[in-house]
Amino acid sequence: MIKFRKNIWEFANPNNFLSIANKIIPFFLILTIITLSLGLVWGLFFTPEDYRQGSSVKIIFVHVPTAFLAINIYFMMLLASIIWLIRRHHVSLIAAKSAALIGLIMTLSAVLTGAIWGKPIWGTYWAWDPRLTSFAILLMFYLGYLSIWQTMKFSDKIGDLSSWLCIVGSIFALLSRYAVFFWDQGLHQGPSLSLDKEENIDNVNVKDNIYFSKTEAPDGWRESLEFVIRMESKNF
């Protein structure tokens, strides 16, 4: 165990880390391009339309993975920031800084694709839903984190400041994922996937995923939601 720990922390040396990273990055770059291309082509062109949402459902194939990555990249930054504050390893600080730009792109992609999907389905591009609100705040923390590094020179003091900002922002990363458990569920459904042995995939109810047609539903997402619930309740 002691030998294992010593080997792990050897990668905190920038030279050791870069010697490995420079060898494996080209492989993972090619793998990423191939898997992303296959996933996008398959999801957009070879999957059927939803019986309610039509072709709009295909936006979810981009929205959900980008939202998932936006949250988990922030958790990776949180872990790297804690390591920096405790052990003062510069590699962890550089890892958090490098991941922030990718996380920002994923967050913006999730917000934009969610807005595009939300207009025909919810009747609006934006609503102050708990997950949407916490995600918007998370986006601000990504921007704030990157702004610190862009406006100030690299130093241990800036590393401390950015790390503490990351730790505070992790609250909203948690809210983005778990707000539906202890806050108002809003427009979003609960978790789609679960470790529950009886029900691993969520049985989404009528309120969660409704297709709003422009000709039948009134303007405004709240009015649209109430309208469709009234219409669907007649079928039960």
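Residues numbered from 1 in each chain as written. Predicted model: local features only at pLDDT ≥ 70, side-chain atom pairs only at ≥ 80, totals over all residues. Heavy atoms only, no water.

Draft legend 1. Layout of the overall build of the protein. The helix and strand tally for the protein stands at 7 helices and 0 strands. In the protein, the succession of helices and strands from N to C terminus is α-α-α-α-α-α-α. Buried residues in the protein amount to 36% of all 236 residues. Here the protein has roughly 15,300 Å² of accessible surface; of this, 68% comes from carbon and sulfur atoms. (Helix = DSSP H or I, 4+ residues; strand = E, 2+ residues; numbered from the N terminus. Buried < 20%, exposed > 50% of the residue type's maximum accessible area, 1.4 Å probe, protein only. Areas by Shrake-Rupley, 256 points an atom, 1.4 Å probe, with all protein chains shown as cover.)

Draft legend 2. Structural detail: the environment of Y145. Checked against the element boundaries, Y145 lands in helix α5 (residues 130-151). On a C-alpha basis, the gap between Y145 and L101 in space is 9.5 Å, while along the polypeptide they are 44 residues apart. Once residues within four sequence positions are removed from consideration, Y145 is found in contact with M77, L93, A96, K97, A100, S162, L165 and C166. (Contact = heavy atoms within 4.5 Å.)

Draft legend 3. Summary view of the packing of helix α3 (residues 60-87) against α5. It is at 12 Å that the axes of α3 and α5 come closest, and there the two elements cross at 50°. For the element pair α3 / α5, the angle class is oblique. Crossing angle aside, the handedness with which α3 passes α5 is left-handed. From α3, A67, A70, I71, I73, Y74 and M77 reach across to α5, where they touch F135, L138, F141, Y142 and Y145. Of the residues that constitute the contact of α3 with α5, the class distribution is 11 nonpolar, no polar and no charged. (Axes fitted to C-alpha atoms, helices over the stretch in contact; angles between N-to-C directions. Parallel < 35°, antiparallel > 145°, perpendicular 65-115°, else oblique. Left-handed = near helix turned anticlockwise from the far one by under 90°. Nonpolar A, V, L, I, M, F, W, Y, C, P; charged D, E, K, R; others polar.)

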